[in-house]
Amino acid sequence: MKGDLPQYIITGKVTDNHGYLLLGASFLEDGTIKGVHANFEGNFSLQVADENTILIISYSGFKTKKSRHKEKRN
């Protein structure tokens, strides 16, 4: 039935290797146009359709990275 597919939510807090928050960092679900930005506390939450989703993470001045994340079922 339509709408009964499991949904997954990827959440997290983004910081650099010194622990500084990366406010406004971009998170894009690979292969889609779905994405979000980290909020003023560095937190983000993105609902995705697949438990094996790869995120494309970008932030000005940093190298763009692709990463697979653990997700929480909704």
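Rules behind the numbers
Residues numbered from 1 in each chain as written. Predicted model: local features only at pLDDT ≥ 70, side-chain atom pairs only at ≥ 80, totals over all residues. Heavy atoms only, no water. Pairing = 2+ DSSP bridges. Helix = DSSP H or I, 4+ residues; strand = E, 2+ residues; numbered from the N terminus. Axes fitted to C-alpha atoms, helices over the stretch in contact; angles between N-to-C directions. Core = buried A, V, L, I, M, F, W, Y, C linked by side-chain atoms within 4.5 Å. Buried < 20%, exposed > 50% of the residue type's maximum accessible area, 1.4 Å probe, protein only. Contact = heavy atoms within 4.5 Å. Patch = residues over 30% accessible without salt bridge, like charges linked within 9 Å, V, L, I, M, F, W, Y side chains within 5 Å. Areas by Shrake-Rupley, 256 points an atom, 1.4 Å probe, with all protein chains shown as cover. Salt bridge = Lys/Arg side-chain N within 4 Å of Asp/Glu carboxyl O.

Novice: Give a detailed account of the sheet that holds strand β2 (residues 26-29), specifying residues and quantitative values.
Specialist: Strand order across the open sheet formed by four strands is β3-β2-β5-β6, with antiparallel pairing between neighbours. A single partner strand is all that each edge strand has here, and the edge strands are β3 (35-37) and β6 (65-68). The sheet shows a mean angle of 25° between the axes of neighbouring strands, taken without regard to direction. Bridging between strand β5 (residues 54-58) and β6 involves four bridges; their strand directions are antiparallel. Paired with I56 across the two strands is K66, which belongs to β6.

Novice: Please provide a residue-by-residue account of the nonpolar core, values included.
Specialist: Ranked by size, the top nonpolar core spans twelve residues in total: Y8, I10, V14, L22, A25, F27, A38, F44, L46, V48, L55 and I57. Taken together, the elements giving at least two residues each to this core come down to β1 (8-13), β4 (43-48) and β5. Here this core takes three residues from β4, the largest share from any one element. Those residues in contact with A38 that sit more than four places away from it in its chain are V14, L22, L23, G24, A25, F27, N43 and F44.

Novice: For a nonpolar patch on the surface, give the residues involved together with the corresponding values.
Specialist: Residues L21, L23 and F40 make up a contiguous nonpolar surface patch of roughly 310 Å² in combined accessible area. Mapping L21 onto the fold places it in the loop between β1 and β2. Since its relative accessible area comes to 37%, L21 is described here as partly exposed.

Novice: Pulling in residues and values, what's your account of the pattern of salt bridges?
Specialist: A side chain of one charge can pair with a side chain of the opposite charge if their charged atoms are brought near each other. With the rule as written, the count across this model stands at two salt bridges. Close ionic contact of E29 with K34 constitutes a salt bridge, the shortest N to O distance being 3.4 Å. Classification of E29 by relative accessible area gives buried; the value is 7%. Overall, the relative accessible area of 35% leaves K34 in the partly exposed class.

Remember, this is a structural readout, not a statement about activity or role.
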